[in-house]
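Chain and residue survey
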Amino acid sequence: MKVQGRAALHGPVPMELFDATQQLLMGALRGAATRQSALAQNLANANTAGYQRVDVDFHSALQQAAEDMRSGADSSPADLEFRAQADPQQMQVDGNGVDVDVEAANLAQNGLEYQALVSVMDARTRILQSAIGAAR
Amino acid sequence: MGLFDSLAISASGLSAERLRMDVTAENLANAQSTQGADGQPYRRKSVVLQAVGAQGGFAQALAAAQTANAAATGDTSGAQPGGVQVAAIVEDPTAGRRVYNPGHPDADGQGYVTMPNVDTVTEMVDLISASRAYEANTTAMQTAKQMFTKTLELLR
C-alpha cells in the first residue's frame, strides 16, 4: 500500500502522546526555569564582592539530546538535569562579575522564551483535546 | 522546584539590598555624631555580602561532594543557586576628619573635633546603587511570577 501525506515524508505518524517534540518541550521548560534561578542569583549578588556569575546553557544540552534521539538513543530529553555553570568575568573592581544590564536582558529573554514554550505546549494540548472530542 | 527557588533567591537579594539601604541611612544620619556608643566618633558601617554556598562553607563542600558522587552515579542534581546573604556589617577603620571648632563640647586640647569618617557623597552613591539593585531584584521576581502564572494557565 502506498503511504501518502505527512507519513510518506517522515515515516509513520507518531502515535504516543509524549512524542519527541513534547519531551523536548518539557526539557526546555525545566531548562528555562533553572536558568531563571541562575539569573536571579546573579542579580541578587550584583553587589557581592568577588561573586562570579552563573548561567545554564540548556539550549546546547537539548540540542545534544535531540541529536541523540535522532540517532536512536534510549534517553529522553524530559529527563535531562540542568546545572548552573560558572561564567567567570570581571565587571567591577571588587572582583564581581555581574553586569546588571546584561543580566536584566537575559532575564527578560528567558522569561519570554519560557512563556513561548508554555504557549506551544498549550496549543498542542488543545489539539489533542480537540482530537479526543474534549475541547470546549 | 525551579520557579519557587528563583522567587526565594530574589527575595534574599531584596532583603540584602534593603539592609544596605538601612546601613547607608544610618551612616547619613550619624554623619555629625561625634559620640558613638563607646564615646568615640561614629564610624561608618558597610555591609559585606556573600553568595549563599560560596567561599568554602559547608554548603559548598556538600555540593562538591555531591558533584563527585554524581559523576560516579550519573546523577547531576545537586549544587544549585541559593541567593545572597549578609556575611557581616563591618566598621570603616579610616580616621575621621579633624575640624577646628574650639567651642564644640568634644573638642580636644588644641580645639580640634574628630568628626565621623562618613563622606556624604559616598553614602549617596551607595544609596543609589542599593536602590537600583533592589529594582533589579524586583524585576527578576516579577519575571518569575509571570512565568509561574503562565504555567498555571495551562490548567485552564
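Attention here is on the structure that accompanies the text. In this text, all values refer to a predicted model and were calculated from it rather than measured experimentally.

1. Describing the overall build of chain B
- Along chain B, the regular secondary structure elements total three helices and four strands.
- Helices and strands in chain B line up, N terminus first, as α-β-α-β-β-β-α.
- Every one of the 156 residues in chain B was classed for burial, and the buried ones make up 28%.
- Look at the contacts in chain B between residues 6 or more apart in sequence, and 69% of them connect residues 24 or more apart.
- Total accessible area on chain B stands at roughly 8,900 Å², and carbon and sulfur atoms take up 56% of it.

2. So, the packing of helix α2 (residues 20-44) of chain A against helix α4 (residues 100-131) of chain A
Residue and element names in this part refer to chain A.
- Remark: α2 packs on α4, axes separated minimally by 9 Å, with the N-to-C direction vectors making an angle of 155 degrees. Taken as axis vectors, α2 and α4 run roughly antiparallel relative to one another. Pair α2 / α4 crosses with left-handed handedness.
- Considering only residue class, the contact of α2 with α4 consists of 16 nonpolar, seven polar and three charged.

3. Description of the interface of chain B and chain A
- Taken together, the contacts link 38 residues of chain B with 30 residues of chain A.
- Carbon and sulfur atoms supply 57% of the area buried between chain B and chain A, which totals about 2,600 Å² over both sides.
- Here chain B and chain A share zero salt bridges between them.
- Mapped onto the side of chain B that touches chain A, the elements with two or more residues apiece are α1 (2-29), β1 (45-51) and α3 (120-153) of chain B.
- When residues of the side of chain B that touches chain A are assigned to their parent elements, the largest contribution, 12 residues, is made by α3 of chain B.
- Its residues assigned to classes, the side of chain B that touches chain A comprises 13 nonpolar, 20 polar and five charged.

4. Structural notes on the packing of α4 of chain A against α3 of chain B
- Orientation of α4 of chain A relative to α3 of chain B, taken along the N-to-C sense of each, is 5 degrees, at an axis distance of 9 Å. As the angle between them shows, α4 of chain A and α3 of chain B are arranged roughly parallel. Packed against α4 of chain A, whose contacting residues are V100, L107, N110, G111, Y114, Q115, V118 and S119 of chain A, the element α3 of chain B presents A136, T139, A140, T143, Q146, M147, K150 and T151 of chain B at the interface.
- For the contact of α4 of chain A with α3 of chain B, the class distribution of residues is seven nonpolar, eight polar and one charged.

5. Regarding the side chain of E103 of chain A
- Tracing the sequence through the fold places E103 of chain A in helix α4.
- Note on E103 of chain A: relative accessible area 1%, which makes it buried.

6. A few points about the nonpolar core
All names here are of chain A.
- Membership of the largest hydrophobic core comes to 22 residues, with the highest contact counts inside it found for L29, V56, F58 and Y114.
- Those elements that place two or more of their residues in this core are α2, α3 (58-70) and α4.
- Counting residues per element, this core draws most heavily on α2, which supplies six residues.
- With sequence-adjacent residues up to four places away left out, F58 is seen in contact with A28, G31, A32, R35, F82, N110 and E113.

7. Describing the environment of G111 of chain B
Residue and element names in this part refer to chain B.
- With respect to the secondary-structure elements, G111 resides in the loop between β3 (98-100) and β4 (112-114).
- Given the relative accessible area of 5%, G111 is considered buried.
- Considered as a pair, G111 and Y100 are 11 residues apart in the sequence and their alpha carbons are 5.8 Å apart.
- In this structure G111 touches V99, Y100, N101 and P102, once residues within four positions along its chain are discounted.

8. Quick look at α4 of chain A
All names here are of chain A.
- Taking 1.5 Å of rise per residue, 32 residues should cover 46 Å, and α4 covers 47 Å from first to last C-alpha, within 8% of that figure.
- Every buried residue of α4 is listed here: E103, N106, L107, N110, G111, Y114, L117, V118, M121 and D122.
- The opening residue of α4 is D99, an N-cap whose side-chain oxygen sits 3.1 Å from the backbone nitrogen of D101.
- Of the residues trailing α4, G133 is marked for its positive phi of about 75 degrees.

9. Here we look at the environment of A116 of chain A
Residue and element names in this part refer to chain A.
- Along the chain, the position of A116 falls in helix α4.
- Overall, the relative accessible area of 42% leaves A116 in the partly exposed class.
- Taking the C-alpha atoms as reference points, A116 and L29, 87 residues apart in sequence, are found 9.7 Å from one another.

Thresholds, definitions, all that
- Residues numbered from 1 in each chain as written.
- Chains lettered and ligands numbered in written order.
- Predicted model: local features only at pLDDT ≥ 70, side-chain atom pairs only at ≥ 80, totals over all residues.
- Heavy atoms only, no water.
- Helix = DSSP H or I, 4+ residues; strand = E, 2+ residues; numbered from the N terminus.
- Buried < 20%, exposed > 50% of the residue type's maximum accessible area, 1.4 Å probe, protein only.
- Contact = heavy atoms within 4.5 Å.
- Areas by Shrake-Rupley, 256 points an atom, 1.4 Å probe, with all protein chains shown as cover.
- Axes fitted to C-alpha atoms, helices over the stretch in contact; angles between N-to-C directions.
- Parallel < 35°, antiparallel > 145°, perpendicular 65-115°, else oblique.
- Left-handed = near helix turned anticlockwise from the far one by under 90°.
- Nonpolar A, V, L, I, M, F, W, Y, C, P; charged D, E, K, R; others polar.
- Buried area = accessible area lost by both parts, 1.4 Å probe.
- Salt bridge = Lys/Arg side-chain N within 4 Å of Asp/Glu carboxyl O.
- Core = buried A, V, L, I, M, F, W, Y, C linked by side-chain atoms within 4.5 Å.
- Expected span 1.5 Å × (residues − 1).
- Polar contact = N/O pair within 3.5 Å; in protein donor to acceptor, adjacent residues only side chain to side chain.

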